[in-house]
Amino acid sequence: MITPNEYINCISDDEMIQKAIDESIKKHTFVKIPKYNSRTKTNIWIIKKAIILYSETKIILDGCHLRMADDVYTNMFKNSNSDLFGDVSDKRQKNITIIGKNHPILDGGKYNGLSERGSNKNGLPSIKENNIVRFTNCKNIQISNI
């Protein structure tokens, strides 16, 4: 098991989590995001940039509170191939798991003003960038107990 708290020298919480996921893929293990954030010394994890998931990623959200940063337009979690278009069946990802334990929270944070009506208008991105989770061209996705 790897925890993001092993990467407290990072500049952001999402970078800590991403480094833990990247390392877990190399070591064929899983990531456990605990309630306590050692970098900020708080019980909250602020997400400014999407956390990228790959095939065979497993994350345990153990009582943690992940909150989207104010005024960002991004997903909290998305698969690494989520931006591919067209026939990409050869790049299909599989076995991505996010399991909650001890009542974790995925918090959208303060409303950033992006809705279906404003999608791709007035300099705003597509609404697809404003969802907590975004998986495209995947199979065997498990999200539970959140």
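Placed above this text is the structure.
Figured I'd write up the structure that's included with this text.

Basis of the calculations
- Residues numbered from 1 in each chain as written.
- Predicted model: local features only at pLDDT ≥ 70, side-chain atom pairs only at ≥ 80, totals over all residues.
- Heavy atoms only, no water.
- Helix = DSSP H or I, 4+ residues; strand = E, 2+ residues; numbered from the N terminus.
- Rg over C-alpha atoms; globule rule 2.2 N^0.38 Å.
- Buried < 20%, exposed > 50% of the residue type's maximum accessible area, 1.4 Å probe, protein only.
- Contact = heavy atoms within 4.5 Å.
- Lys, Arg positive; Asp, Glu negative; His and termini not counted.
- Charge placed at Lys NZ, Arg CZ, Asp CG, Glu CD.
- Patch = residues over 30% accessible without salt bridge, like charges linked within 9 Å, V, L, I, M, F, W, Y side chains within 5 Å.
- Areas by Shrake-Rupley, 256 points an atom, 1.4 Å probe, with all protein chains shown as cover.
- Salt bridge = Lys/Arg side-chain N within 4 Å of Asp/Glu carboxyl O.
- Polar contact = N/O pair within 3.5 Å; in protein donor to acceptor, adjacent residues only side chain to side chain.
- Disulfide = S-S within 2.5 Å.
- Pairing = 2+ DSSP bridges.
- Phe/Tyr/Trp six-rings, centres within 6.5 Å; stacked < 30°, edge-to-face > 60°.
- Lys NZ or Arg CZ within 6 Å of the ring centre and 35° of its normal.
- Expected span 1.5 Å × (residues − 1).

**With respect to the overall build of the protein**
(1) Moving on: Scanning the protein for helices and strands turns up 1 helix and 10 strands.
(2) Moving on: If you list the helices and strands of the protein from N to C, you get α-β-β-β-β-β-β-β-β-β-β.
(3) Moving on: The C-alpha radius of gyration of the protein comes to 15 Å, within 12% of the 15 Å expected for a compact globule of 146 residues.
(4) Moving on: Principal axes of the C-alpha set define a box for the protein whose edges measure 40 × 35 × 30 Å.
(5) Moving on: Counting every position in the protein, which comprises 146 residues, the buried fraction comes to 42%.
(6) Moving on: Counting only contacts in the protein whose residues sit at least 6 apart along the sequence, the fraction spanning at least 24 positions is 73%.
(7) Moving on: Considering the protein, the positive charge centre built from 22 side chains and the negative charge centre built from 16 side chains are found 2 Å apart.

**Section: the side chain of Asn75**
(1) Moving on: Within the secondary structure layout, Asn75 lies in the loop between strand E5 (65-68) and strand E6 (77-79).
(2) Moving on: Residues in contact with Asn75, not counting those within four places in the same chain, are Lys49, Ala50, Ile51, Met68, Lys128, Glu129, Asn130, Asn131, Ile132 and Arg134.

**Focus on a nonpolar patch on the surface**
(1) Moving on: A contiguous nonpolar surface patch, about 290 Å² in accessible area, is contributed by Val133, Ile141, Ile143 and Ile146.
(2) Moving on: The residue Val133 is located in strand E9 (residues 133-134) in this model.
(3) Moving on: Judged by relative accessible area, Val133 falls into the partly exposed class, the value being 32%.

**Section: the side chain of Thr3**
(1) Moving on: Note on placement: Thr3 falls in the segment before helix H1 (13-27).
(2) Moving on: By relative accessible area, which is 17% here, Thr3 ends up buried.
(3) Moving on: Within polar-contact distance, the side chain of Thr3 engages the backbone oxygen of Lys32 at 3.3 Å.
(4) Moving on: The contact partners of Thr3, leaving out residues within four places of it in the chain, are Ala20, Lys32 and Pro34.

**Things to note about the state of the cysteines**
Two cysteines joined by a covalent bond between their sulfur atoms form a disulfide.
(1) Moving on: This model, assessed by the stated rule, comprises 0 disulfides.
(2) Moving on: No disulfide involves Cys64; its sulfur sits 17 Å from that of Cys10, the nearest cysteine.
(3) Moving on: Using a relative accessible area of 1% as the deciding quantity, one classes Cys64 as buried.

**A few points about the pairing of strand E7 (residues 93-101)**
(1) Moving on: Here strand E4 (residues 58-62) runs beside E7; their pairing, made up of 5 bridges, is parallel. When the sheet's bridge partners are listed, Ile59 is paired in E7 with Ile98.

**A word on the environment of Lys91**
(1) Moving on: Residue placement: Lys91 occurs in the loop between E6 and E7.
(2) Moving on: A residue is classified by how much of its surface remains accessible, and Lys91, at 42% relative accessible area, is partly exposed.
(3) Moving on: Along the primary structure Lys91 and Cys138 are separated by 47 residues, whereas in three dimensions their C-alpha atoms are 8.9 Å apart.

**What about the packing of aromatic side chains?**
The description of an aromatic ring pair uses the distance of the two centres, along with the angle that the planes make with each other.
(1) Moving on: Here the structure, examined in full by the defined rule, presents 0 aromatic pairs.
(2) Moving on: A cation sits over an aromatic face here: Lys58 above Phe30, 5.6 Å from the ring centre.

**As for H1**
(1) Moving on: With 15 residues, H1 should cover 21 Å at 1.5 Å per step; its first-to-last C-alpha distance of 21 Å lies within 8% of that length.
(2) Moving on: Where H1 is concerned, the buried positions are Asp13, Asp14, Met16, Ile17, Gln18, Ala20, Ile21, Glu23 and Ser24.
(3) Moving on: If you follow the buried residues of H1, they end up packed against strand E1 (31-34), strand E2 (45-47), strand E3 (51-53), E4 and E5.
(4) Moving on: Of the residues flanking the end of H1, it is His28, one or two places downstream, whose phi is positive at about 55°.

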